[in-house]
Amino acid sequence: MTSLRRVLLCLALGAQAFVRPAQRLTLGRRSPALRVAATMSLAGSKPLKVAIVGATGAVGAEIIGVLEQRGFPVEGSPTLFGSKGGKSVETKQWGTLTTEAFSVEATKGYDVVFLAASGDFAIKYAREIGKGLSENGVVVDNSSALRYDDDVPLVVPEVNGQLCEGNKVIANPNCTTAIALMALFPLFLAFGLKKVIVSTYQAASGAGAAGMAELKEGIADAVQGDAYLEDDGRFGSKPIANTEFAHPLAFNVIPHIDKFQENGYTKEEMKVTWECRKMLGFPPLPSSSDTGKEPKVSCTAVRIPTLRAHSEAITIETEKPVTVEAARAVLSDFPGLKLSDDVDKNLYPMPITSTGNYDVEVGRIRRNDVFGENGLDFFICGDQLLRGAALNAVLVAEKARSFA
């Protein structure tokens with residue numbers, strides 16, 4: 001065992017003191033399998049009947065690409081379901097596929113069904129689909145509708161992949177949460193977490209293909225069309241159109257994603273709080289039964305005019321003292337994370353380097369001057385259509401089927 005691995009093992013064992021008793025067995029049991037969760041592939045396994053509901057959307061298209069890239073053992077070709085059917089979808093591995101009209105009956109006997117549809121669709125159909133699957137079949141839902149239901153595990157395989165075992169319906173977390181937890185979880189294990197403060201810089205693709213199109217059109221109009229930027233930075237007489245966002249996103253940032261809640265946060269911001277709590281082993285909604293060991297999480301979510309990949313600036317207060325060197329050691333050894341942290345070479349996470357990549361980049365790691373020896377600041381960036389959606393969904397399916 002290398003000295004680094006000895007250090008990591010000691011840190012992980014020490015972190016058990018900060019985990020609720022009911023969770024300690026789970027964490028201890030899953031820690032040795034963390035790396036397997038990220039690298040696991042079912043390539044070469046028995047072919048599986050696979051369906052994708054919502055394959056013509058941005059996430060559905062990415063799921064197809066990930067299945068191809070990871071050599072997922074699909075029997076024949078994946079079945080693509082839509083509201084009406086008849087749409088053509090081009091794939092590299094299976095050629096041109098045509099969507100079929102969805103029905104629960106049509107999914108019976110399938111091994112894996114990916115849902116890239118609305119929350120209302122998931123509420124209405126996810127559990128019904130699950131009842132008709134093969135013996136070890138699984139539904140992976142990408143919507144937010146089921147994430148806080150007690151009977152539906154919320155999973156990032158590297159974090160809590162053991163919850164895939166025996167569950168017919170599994171929820172994908174919010175893209176921002178999934179990216180954040182890739183860095184927060186190993187730090188939670190090693191040092192404990194008291195406070196987590198997140199500021200997000202979220203790409204237009206978080207609003208789907210329509211959001212990306214609106215940004216492209218807005219930039220084109222501002223630069224070349226009638227809606228142009230004046231020398232002093234103001235727009236010309238013709239405003240840039242916006243339907244997907246509350247304001248024009250081109251040459252702008254918008255501190256508003258999803259609906260505002262009574263507490264002043266947006267729902268997107270609260271998702272980070274609720275989902276971080278649930279996936280770290282605590283009830284998602286704070287209540288009078290809280291023990292005080294639950295991490296306190298606050299988020300400000302901002303839409304920025306990039307096409308793809310979300311970035312996040314994160315500040316943490318830890319239970320145990322943390323050094324930059326110890327944090328780097330823990331983060332660099334966690335599967336699915338890539339250390340990008342050399343300011344002398346201008347090396348740090350950016351959307352332009354994260355787009356299209358499976359790993360989440362982490363860098364700008366430094367001591368936080370507010371929390372002192374128990375504080376850390378860092379910056380992360382990940383492709384939210386992959387790590388925050390499609391890739392995580394396929395990894396969940398692989399993990400779930402590994403228990404079959």
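What you see is a predicted model; the values in this text were computed from it and never measured. (Residues numbered from 1 in each chain as written. Predicted model: local features only at pLDDT ≥ 70, side-chain atom pairs only at ≥ 80, totals over all residues. Heavy atoms only, no water.)

**Things to note about the packing of aromatic side chains**
According to the stated counting rule, one finds eight aromatic pairs in the structure shown. Here the aromatic rings of F102 and F121 are separated by 4.9 Å at their centres, their planes lie at 65 degrees, and the arrangement is edge-to-face. In this pair, F102 is assigned in the loop between β5 (100-101) and β6 (112-115) and F121 in helix α5 (residues 119-131), connecting sequence segments 19 residues apart. For the pair F102 and F121, one class covers both residues: buried. Grouping aromatic residues by their ring pairs yields a cluster made of F81, F102, F121 and Y125. The ring of Y110 carries K49 above its face, with NZ or CZ at 4.6 Å from the centroid. (Phe/Tyr/Trp six-rings, centres within 6.5 Å; stacked < 30°, edge-to-face > 60°. Helix = DSSP H or I, 4+ residues; strand = E, 2+ residues; numbered from the N terminus. Buried < 20%, exposed > 50% of the residue type's maximum accessible area, 1.4 Å probe, protein only. Lys NZ or Arg CZ within 6 Å of the ring centre and 35° of its normal.)

**Here we look at the UniProt feature "active site" (unreviewed entry) in the protein**
The UniProt entry lists C175 and H310 under the feature "active site" (unreviewed entry), expressed in the numbering used here. Considering the C-alpha atoms alone, the annotated residues occupy 136 residues of sequence yet fold into one spot, their largest mutual distance being 8.3 Å. From the set just named, the residues that line the largest pocket comprise C175 and H310. Of note, C175 is situated in helix α7 (residues 175-191). Once residues within four sequence positions are removed from consideration, C175 is found in contact with H310, Q384 and G388. Among the structural elements, H310 can be located in strand β11 (residues 310-318). For H310, the contacting residues outside a window of four places in its chain are C175, T176, I179, Y201, Q202, A203, G206, R303, I380, C381, G382 and Q384. A distance of 3.0 Å separates the side chain of H310 from the backbone nitrogen of A203, its partner in a polar contact. (UniProt positions renumbered as here; feature names shortened; annotations may be inferred. 1 Å grid on protein atoms, 1.4 Å probe; cavity = no way out; pocket = protein on both sides within 12 Å on 5 of 7 lines; lining within 4 Å. Contact = heavy atoms within 4.5 Å. Polar contact = N/O pair within 3.5 Å; in protein donor to acceptor, adjacent residues only side chain to side chain.)

**Structural notes on the pairing of strand β3 (residues 88-91)**
Of the two faces of β3, the one lined by V89 and T91 is fully buried and the one lined by S88 and E90 carries no buried residue. Relative to strand β4 (residues 95-98), β3 runs antiparallel, the two being bridged by four bridges. Across the sheet, residue V89 finds its bridge partner in β4, namely L97. Two successive antiparallel strands, β3 and β4, enclose a turn made up of three residues. (Pairing = 2+ DSSP bridges.)

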